[in-house]
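# Remarks on the overall topology
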Amino acid sequence: MSSAIPLNVGIVRSAGVDADAPKRVLLAEPRGYCAGVDRAVVTVEKALEKHGAPIYVRKEIVHNRHVVETLRERGVIFVDETDEVPEGALVVFSAHGVSPAVHESAAERNLHTIDATCPLVTKVHQEAKRFARDDFDILLIGHEGHEEVEGTAGEAPDHVQLVDGPDAVDGITVRDENKVIWLSQTTLSVDETMETVHRLRAKFPNLQDPPSDDICYATSNRQTAVKAMAPACDLVIVVGSRNSSNSVRLVEVALTAGAGAAYLVDYAREVDPAWFEGVRTIGLTSGASVPEILVEGVLEMLAQHGFGEVQPVSTANETLVFSLPRELRTARS
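Below: a short report on this structure. Model, not experiment: these values are computed from the prediction.

## A short note on the packing of aromatic side chains
Summed over all chains, the structure comprises three aromatic pairs. With a centroid separation of 5.4 Å and 80 degrees between ring planes, the pair formed by Phe131 and Phe136 is classed as edge-to-face. On the accessibility criterion, Phe136 (9% relative accessible area) is buried.

## Concerning the sheet that holds strand S4 (residues 76-79)
The sheet built from four strands is open, its strands ordered S4-S3-S5-S6 with parallel pairing. Single-partner strands in this sheet number two, and they are S4 and strand S6 (112-115). Between one strand axis and the next, the sheet turns through 30 degrees on average, direction left out of account. Sheet topology note: the strand S5 (residues 90-93)/S6 ladder contains four bridges and is parallel. Directly across from Val91, in S6, lies its bridge partner Thr113.

## Quick word on the environment of Ala259
By the element assignment, Ala259 lies in the loop between helix H8 (245-256) and strand S11 (262-265). Residue Ala259 is classed as buried on the basis of its relative accessible area of 0%. In the structure, Ala259 is positioned 22 residues away from Thr281 in sequence and 9.9 Å away in space, judged by C-alpha atoms.

## Quick notes on the packing of helix H7 (residues 217-229) against H8
Two elements in contact, H7 and H8, have axes whose closest approach is 9 Å; the angle formed by their N-to-C orientations is 25 degrees. The orientation of H7 relative to H8 falls into the category roughly parallel. When you trace H7 past H8, the crossing you get is right-handed. Contacts between H7 and H8 pair Thr219, Arg222, Gln223, Val226 and Lys227 from the former with Asn246, Arg249, Leu250, Val253 and Ala254 from the latter. Looking at the contact of H7 with H8 residue by residue, the class counts come to four nonpolar, three polar and three charged.

What counts, and at which threshold
- Residues numbered from 1 in each chain as written.
- Predicted model: local features only at pLDDT ≥ 70, side-chain atom pairs only at ≥ 80, totals over all residues.
- Heavy atoms only, no water.
- Phe/Tyr/Trp six-rings, centres within 6.5 Å; stacked < 30°, edge-to-face > 60°.
- Buried < 20%, exposed > 50% of the residue type's maximum accessible area, 1.4 Å probe, protein only.
- Pairing = 2+ DSSP bridges.
- Helix = DSSP H or I, 4+ residues; strand = E, 2+ residues; numbered from the N terminus.
- Axes fitted to C-alpha atoms, helices over the stretch in contact; angles between N-to-C directions.
- Parallel < 35°, antiparallel > 145°, perpendicular 65-115°, else oblique.
- Left-handed = near helix turned anticlockwise from the far one by under 90°.
- Contact = heavy atoms within 4.5 Å.
- Nonpolar A, V, L, I, M, F, W, Y, C, P; charged D, E, K, R; others polar.

Structure (structure tokens):
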């Protein structure tokens with residue numbers, strides 16, 4: 001039985017698939033690792049090389065099952081909170097960022113810390129601190145319970161209100177409608193976020209925008225690539241973990257853009273061949289925390305079922321690279 005998540009919300013393609021059409025795969029570009037994920041994973045790998053196992057990591061370094069299991073096999077111990085780390089030990093903070101309270105807790109336990117927070121998440125943290133200093137009400141668009149949201153909100157808990165989607169807008173109140181700004185989690189659906197902003201602005205006409213886009217370039221680029229190929233796809237497969245916000249959003253984007261069906265899988269073995277019935281064109285992409293080897297595994301599986309023709313669908317060229325945390329920069333070759 002497949003453990004993939006079917007996120008088909010009822011969008012149905014028109015009938016009449018050409019049975020004589022060649023089977024093909026549309027392969028989204030860009031896909032997979034973003035600069036922030038690459039930096040975080042390499043941070044843990046270099047910490048292992050420099051300090052040896054065990055290395056402690058607070059939460060999952062990135063939201064990908066394969067990455068986490070692979071690092072665990074190499075001696076990484078993942079914990080939920082810093083009080084699970086032995087006093088004086090080394091702990092790495094995940095790409096999603098942490099609140100000041102977590103830094104304080106680590107300091108109290110004399111932990112040696114390496115912060116692998118994505119620089120684009122750090123930017124949102126800085127925005128939250130800046131607008132809190134100016135006594136703004138900060139409306140943080142994001143998903144309740146997500147680690148990134150908890151970290152950002154923790155920078156200014158007295159000023160931040162979470163807005164979990166468009167339907168949450170009605171319950172929002174502010175102190176001064178002339179001093180309101182919205183920020184967002186970096187891994188959201190671009191379209192849904194803008195719908196939320198539209199509703200917020202209808203309620204608070206003087207709502208200010210963040211100084212720059214908070215949704216990260218990689219999240220936006222992957223959604224754009226899926227939108228480009230989805231109308232031609234009878235089926236879209238997204239490689240990614242179910243706790244990965246940006247991966248789940250790709251499934252939703254594919255369906256909204258016209259794909260016949262869309263599924264989220266961690267591994268090729270989770271792809272159900274029953275999905276291929278009546279299918280001639282399959283779209284394939286992966287979330288921003290997914291190593292390419294997992295996509296290659298799905299391509300091999302699809303080729304075994306006759307989907308050997310692969311056509312790239314390229315909508316952007318990503319060249320951004322982030323430096324490692326200062327504690328490890330000399331260790332990178």
